[in-house]
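Remarks on the overall topology
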Protein chains: 2
Amino acid sequence: MAYYVGIDVGGTNIKAGVVDDNSMQIISEASIPTGATRPQEIVLQDIIKLTRDVTERAGLKISEISAVGMGSPGLVDVNNGIVIFNANLNWRNFPIVALTREALKIPAHIENDADAAAFGEVVAGSARGASSAIIITLGTGVGVGIVANQKIWAGSEFGHMTIQRGGRLCTCGKRGCLEAYASATGLINITTDAIKNNPESLLSEIARNNGSVNGQTAFDAADDGDPVAKQVIDEYISYLACGLVNLIDGLHPEVISLGGGIAKQGEKLLAPLREKIALEVFGEPGKKVNKTKIVSCTLGYKAGVIGAAMAAK
Amino acid sequence: MAYYVGIDVGGTNIKAGVVDDNSMQIISEASIPTGATRPQEIVLQDIIKLTRDVTERAGLKISEISAVGMGSPGLVDVNNGIVIFNANLNWRNFPIVALTREALKIPAHIENDADAAAFGEVVAGSARGASSAIIITLGTGVGVGIVANQKIWAGSEFGHMTIQRGGRLCTCGKRGCLEAYASATGLINITTDAIKNNPESLLSEIARNNGSVNGQTAFDAADDGDPVAKQVIDEYISYLACGLVNLIDGLHPEVISLGGGIAKQGEKLLAPLREKIALEVFGEPGKKVNKTKIVSCTLGYKAGVIGAAMAAK
């Protein structure tokens with residue numbers, strides 16, 4: 001039995017945990033706000049401190065940790081331990097593995113965060129045992145992790161696939177990326193547009209009462225029967241379905257697992273999503289073959305932590 | 001040494017060849033028009049006759065052929081030897097392997113045509129030795145064949161990935177598929193629209209003189225300096241680049257090889273395509289990392305025949 005620290009560097013929060021590689025359970029954990037506008041070196045100091053904190057909470061010393069594994073959004077050079085480009089945190093050519101190793105004196109490893117979360121779901125969660133799986137994280141961005149034959153297909157950025165040329169501007173600089181529509185940010189944008197266009201709607205009232213719009217607002221208003229909110233959710237799910245159909249037609253994964261904040265809606269999201277996918281996958285109308293199971297991730301935020309830790313192993 | 005017959009069932013022509021599995025060369029070949037509007041059983045009779053013809057031309061008997069391998073566009077059930085749906089030929093649930101085996105009394109096999117061509121290019125052509133490769137066939141449709149670790153990732157239909165939601169109608173019934181823009185058919189549609197809108201252009205004159213528009217027309221007019229034709233080609237290449245960028249960002253293949261009629265333009269197509277791709281791949285502007293080589297297929301139509309034959313092996 002050995003212990004690994006897994007760190008999930010999100011656009012909003014950084015989560016850390018000590019993972020026992022026997023039970024695949026997190027035995028201690030902690031989370032801090034990312035503070036994404038700060039310089040990358042300052043964010044790293046927090047990551048180091050967080051690693052020490054969770055280790056101490058587990059009753060361990062840093063020397064008892066076999067390795068620390070991190071997951072970062074964006075373009076990661078896994079072999080050289082460098083985050084090449086991270087649009088959400090504005091990181092560039094950041095040698096995070098060398099700096100972490102230097103600070104903690106233990107081995108370190110980095111993966112793309114979506115890859116790490118995907119790996120976590122495949123080794124210990126919703127896609128356990130699947131021959132091929134794609135894990136989609138609907139958070140600040142849209143992370144896409146591909147696992148084939150129990151191996152990470154590293155660095156997929158299908159979240160930035162263009163589904164609407166000339167469409168909404170994405171954080172990556174391109175227009176019409178899946179992420180620009182299907183992320184929590186995308187849903188907030190669609191919701192905000194609907195509020196502007198329908199100031200008298202229940203959706204607008206709920207947003208005014210809350211003082212802000214988030215990825216939950218439209219779902220809350222739809223629960224109360226608001227047709228404007230239902231339209232927002234239908235539009236959101238249509239974009240998400242479009243991206244998933246592209247991946248199903250292109251790669252035929254056995255399982256697609258949805259994680260991240262929006263996926264917490266569960267069947268409210270999955271049931272209409274499956275319906276739209278069934279209509280749009282490639283094949284003859286009425287006789288389409290879609291063998292891909294669409295499910296929710298079961299590990300939640302733990303997938304990124306467990307996956308990062310186990311990838312470091 | 002053994003002999004295999006490879007058959008490439010295209011939307012326009014059916015090509016067949018006897019392949020010597022030692023040299024990987026085609027030792028006899030023949031081609032007939034597909035007659036895609038005819039019933040599937042009648043097309044199959046032509047395939048059977050073509051197999052007998054190329055075998056005879058090679059100085060062989062059917063009993064000396066180890067197997068016949070076919071490549072068909074559309075959704076193929078490789079394990080059961082069935083073409084489930086082929087939009088270009090209007091085939092559906094066609095048990096082509098069983099019928100071929102029954103007629104010829106030798107083993108038969110079917111792959112998606114793009115998979116077969118991709119396999120041909122990886123075992124004997126432009127992507128020989130690549131760890132991962134995507135072969136894109138720009139013909140009547142857009143075939144996408146993925147080979148990872150020398151194995152076909154069967155049945156990719158990335159040709160039907162949506163890149164422009166609500167865009168041009170595709171033969172598959174969806175709107176905005178890559179195929180609707182980046183196939184020869186797509187180029188002809190873009191060319192035809194430009195001719196309508198610019199009746200006084202050199203492009204229109206060339207089309208009138210030829211009596212029709214094909215995938216070559218815009219390239220011919222651009223060679224003669226016509227700005228309207230240059231705009232058509234720029235638009236065509238932009239759509240193609242969009243699809244390729246999606247695949248590069250998502251899968252990071254070592255090589256992308258372009259084949260099919262349009263790819264015959266060689267560097268006239270590849271040079272501007274590489275430029276657009278370099279600007280659009282994921283990463284920080286000016287510092288983008290794109291390790292994917294974009295090349296032309298080297299086997300031409302032979303890839304589909306050799307690949308279908310070798311997949312049957």
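Everything numeric here is computed off the predicted structure, so don't read it as measured data.

Examining the side chain of Ser156(B)
Examined against the element boundaries, Ser156(B) turns out to sit in the loop between strand 11 (151-153) and helix 4 (178-182). A polar side-chain atom of Ser156(B) sits 2.8 Å from the main-chain carbonyl oxygen of Gly250(A). Of note is the side chain of Ser156(B), whose polar atom sits 3.4 Å from the backbone nitrogen of Phe158(B). Beyond its immediate chain neighbours, meaning those up to four positions away, Ser156(B) contacts Asp249(A), Gly250(A), His252(A), Asp115(B), Val144(B) and Ile146(B).

Observations regarding the relation of the copies chain B and chain A
If you rotate chain B by 180 degrees and push it 0.0 Å along the axis, it lands on chain A with an RMSD of 0.0 Å. Taken together, the rotation and translation describe the operation of a two-fold axis. When the interface residues of chain B are mapped onto chain A, 100% of them are again interface residues, pointing to one common binding face.

Overview of the pairing of strand 6 (residues 82-86) of chain B
Residues and elements named next belong to chain B. Of all five residues in strand 6, four are buried; the element is thus mostly enclosed. The hairpin turn running from strand 5 (residues 75-77) into strand 6, its antiparallel successor, is four residues long, and Gly81 in that turn takes a positive phi close to 70 degrees. For strand 6 and strand 7 (residues 91-94), the ladder comprises three bridges, and the chain directions are antiparallel. Residue pairing for strand 7: Val83 is matched across the bridge by Phe94. Where strand 6 folds back on strand 7, the antiparallel hairpin that results is connected by four residues, among which Asn90 adopts a positive phi of roughly 60 degrees.

Regarding the packing of helix 1 (residues 40-57) of chain A against helix 2 (residues 96-104) of chain A
Residue and element names in this part refer to chain A. Between helix 1 and helix 2, the shortest axis-to-axis distance is 11 Å and the interhelical angle comes to 45 degrees. Classified by the angle their axes make, helix 1 and helix 2 are oblique. Crossing geometry of helix 1 relative to helix 2 is assigned as right-handed. For the pair formed by helix 1 and helix 2, the contact residues are Leu44, Ile47, Ile48, Thr51 and Arg52 on the first element and Ile96, Leu99, Thr100, Ala103 and Leu104 on the second. Residues of the contact of helix 1 with helix 2, tallied by class, amount to seven nonpolar, two polar and one charged.

Focus: the interface of chain B and chain A
Facing the 35 residues of chain B at the interface are 35 residues of chain A. Both faces combined, the contact of chain B with chain A buries some 3600 Å², and carbon together with sulfur accounts for 63% of it. Where chain B meets chain A, there are zero salt bridges. Viewed at the interface, chain A and chain B are joined by 16 residue pairs in polar contact (both at pLDDT 80 or more). In terms of residues, the side of chain B that touches chain A owes the most to one element, helix 8 (residues 227-251) of chain B, which gives eight residues. A class-by-class count of the residues in the side of chain B that touches chain A yields 17 nonpolar, eleven polar and seven charged.

What about unusual backbone geometry?
With phi around 45 degrees, His252(A) is a residue other than glycine that occupies positive phi space. Summarising the element assignment, His252(A) is placed in the loop between helix 8 (227-251) and strand 12 (255-259). Relative accessible area serves as the criterion here: at 34%, His252(A) is assigned to the partly exposed category. Here the phi dihedral of Lys105(B) falls at roughly 60 degrees; this positive angle occurs in a residue that is not glycine. Tracing the sequence through the fold places Lys105(B) in the loop between helix 2 (96-104) and strand 8 (108-112). Judged by its relative accessible area of 67%, Lys105(B) falls in the exposed class.

Quick notes on the pairing of strand 13 (residues 293-296) of chain B
Residues and elements named next belong to chain B. By the bridge criterion, four bridges tie strand 12 (residues 255-259) to strand 13 in an arrangement that is parallel. Across the sheet, residue Leu258 finds its bridge partner in strand 13, namely Ser296. For the crossover that starts at strand 12, traverses helix 9 (residues 267-280) and ends in the parallel strand 13, the hand is right-handed.

Concerning the packing of aromatic side chains
In total, this model carries eight aromatic pairs over all chains according to the counting rule given. Consider the rings of Trp91(A) and Phe94(A), whose centres lie 5.1 Å apart with planes at 70 degrees: the pair is edge-to-face. Its relative accessible area of 1% is what places Phe94(A) among the buried residues. For the cation-ring pair, Arg165(A) lies above Tyr239(B), with the distance from its terminal atom to the ring centre recorded as 4.2 Å.

Structural notes on the sheet that holds strand 10 (residues 142-148) of chain B
Residue and element names in this part refer to chain B. Across the sheet, five strands lie side by side as 11-10-9-12-13; this open sheet has mixed pairing. One side of each edge strand has no neighbouring strand; the edge strands of this open sheet are strand 11 and strand 13. The sheet shows a mean angle of 25 degrees between the axes of neighbouring strands, taken without regard to direction. Pairing of strand 10 with strand 11, which is carried by three bridges, proceeds in the antiparallel orientation. If you follow Val147 over to strand 11, its bridge partner there is Ile152. Here helix 8 sits on the sheet and contacts strand 9 (132-138), strand 10, strand 12 and strand 13; the angle it forms with strand 9, its principal contact strand, is near 160 degrees. Running at roughly 165 degrees to strand 13, helix 9 makes contact with strand 9, strand 12 and strand 13 of the sheet.

Quick notes on the rules
Numbers given for residues are sequential positions, taken from 1 along each chain in its written order. Lettering for chains starts from A, numbering for ligands starts from 1, and both go in the order in which the items are written. Given that the model is predicted, a residue must reach a pLDDT of at least 70 before its local features are reported, and side-chain atom pairs must reach 80 or more before they are shown or counted; all residues, however, enter totals for whole chains, interfaces and linings. The basis for every side-chain value is the complete set of non-hydrogen atoms in the structure, without hydrogens or water. The helix and strand labels rest on DSSP assignments: H or I over at least four residues marks a helix, E over at least two residues marks a strand, and numbering proceeds from the N terminus. Throughout this description, a polar contact denotes any pair of N or O atoms lying within 3.5 Å of each other; where both atoms belong to protein, one of them has to be capable of donating a hydrogen while the other can accept it, and for residues adjacent in sequence the pair is counted only when both atoms sit in side chains. Contacts are residue-level and defined by heavy atoms, with any inter-residue pair within 4.5 Å sufficient. Residues reaching a pLDDT of at least 70 in both copies supply the C-alpha atoms on which the copies are superposed by least squares. Here the term buried applies to any residue with accessible area under 20% of the maximum for its type, exposed to any over 50%, and partly exposed to those in between, with areas from a 1.4 Å probe on protein chains only. Any two strands are treated as partners once DSSP identifies two or more bridges connecting them. Angular values range over 0 to 180 degrees, each being the angle between N-to-C directions of two axes fitted as lines to C-alpha atoms, with helices fitted over their stretch in contact. For classification purposes, an angle smaller than 35 degrees is called roughly parallel, one larger than 145 roughly antiparallel, one from 65 to 115 roughly perpendicular, and anything else oblique. Less than a right angle of anticlockwise turn of the near helix away from the far helix marks a crossing as left-handed, whereas a clockwise turn marks it as right-handed. Throughout this entry, Asp, Glu, Lys and Arg are counted as charged residues, while Ala, Val, Leu, Ile, Met, Phe, Trp, Tyr, Cys and Pro are counted as nonpolar. The remaining residues, Gly among them, count as polar. What counts as buried area is the accessible surface, traced by a 1.4 Å probe, that two parts surrender upon association, with contributions from both included. Salt bridges are counted wherever a side-chain nitrogen of Lys or Arg sits within 4 Å of a carboxyl oxygen of Asp or Glu. Classification remark: right-handed applies to a crossover when, strands pointing away from the viewer, the course from the first strand over the helix to the second runs clockwise. Pairing of aromatic rings covers Phe, Tyr and Trp, the last through its six-membered ring, and needs centres within 6.5 Å; plane angles under 30 degrees mean stacked, over 60 mean edge-to-face, and all others mean tilted. Whether a charge sits over a ring depends on NZ of Lys or CZ of Arg being within 6 Å of the ring centre and within 35 degrees of the ring normal.

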